[in-house]
Structure formats: C-alpha cells, structure tokens
Amino acid sequence: IYLIRELQQANISIVLIEMPLNPLLTEKLAPSSLELFNSYLEEISSTHHTKIINFQKDFTAEEFIDLTHLNEQGREKISTKLSEQLDLSAKLERGD
C-alpha cells in the first residue's frame, strides 16, 4: 500500500495483475481462498483507484511448465494479452 501511494504521488498509474494459475492448482485450492484473495485485491483497487487485470483463468495446464510458471507458449500469450490491456488502459486514460 505504501508503494501504491508513493507511485500515485509521482503521477504513475498503477495496474494490479492477477497472474495466471495452473488449473491443476486452482482445482486444489478452496474456492473461499481465491474469493478472499480476489476481494482483497478489489478492496485495494477500490480504495486506491487502481485497475486490475485478471489472468487467473485465461490459461490451460498445457501453458505451464509447473503449477505456477508459464512455458514459452504461455509467456508469449500473457505478453500479448498484457500489452493489449495496457494499451487499452492508456487510451482510456487519455480519452482516445
């Protein structure tokens, strides 16, 4: 939270990113754990007026090398999706 405030005071836009999770991992997590985490991020986003980009469910198990790290295909996919989202956010902020 300290870092968010410091960056915003320097007029730097903040984007919170929910990184993808391997579906094999999310199957094992209690739904309440994910809900708690997501509500915490929503609270931070709301309180500090930040954007959230959620990639948690956008990837298949085949796009991971293990439970938390993307393989080459997954890395290319997230790079493209993140670039698109950040471009869109910048356009909206500018009013394009």
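Anything mentioned here points back to the structure above.
Residues numbered from 1 in each chain as written. Predicted model: local features only at pLDDT ≥ 70, side-chain atom pairs only at ≥ 80, totals over all residues. Heavy atoms only, no water.

Peer 1: Would you mind going over the pattern of salt bridges in detail, with residue names and values included?
Peer 2: If you walk through the whole model with that rule in mind, you get two salt bridges. Close ionic contact of Asp58 with Lys81 constitutes a salt bridge, the shortest N to O distance being 3.8 Å. A residue pair is termed long-range when its members are at least 10 positions apart, and Asp58 in the loop between strand S2 (51-54) and helix H4 (72-94) and Lys81 in helix H4 qualify at 23 residues. On the accessibility criterion, Asp58 (30% relative accessible area) is partly exposed. Its relative accessible area of 27% is what places Lys81 among the partly exposed residues. (Salt bridge = Lys/Arg side-chain N within 4 Å of Asp/Glu carboxyl O. Helix = DSSP H or I, 4+ residues; strand = E, 2+ residues; numbered from the N terminus. Buried < 20%, exposed > 50% of the residue type's maximum accessible area, 1.4 Å probe, protein only.)

Peer 1: Run through helix H3 (residues 31-48), naming residues and quoting values.
Peer 2: For H3, spanning 18 residues, the distance from its first C-alpha to its last is 26 Å, which sits close to the expected 26 Å at 1.5 Å a residue. Listed as buried for H3 are Leu34, Leu41, Ile44, Ser45 and His48. One face of H3 carries all of its buried residues, which in axial projection span an arc of 100°. More than 90 degrees from the buried face of H3, the exposed residues found are Pro31, Glu35, Leu36, Glu43 and Ser46. On the buried face of H3, the contacting elements are helix H1 (2-9), strand S1 (15-18), helix H2 (23-28) and S2. Within two residues after H3, His49 carries a phi angle of roughly 55°, on the positive side. (Expected span 1.5 Å × (residues − 1). Arc of directions from axis to C-beta. Contact = heavy atoms within 4.5 Å.)

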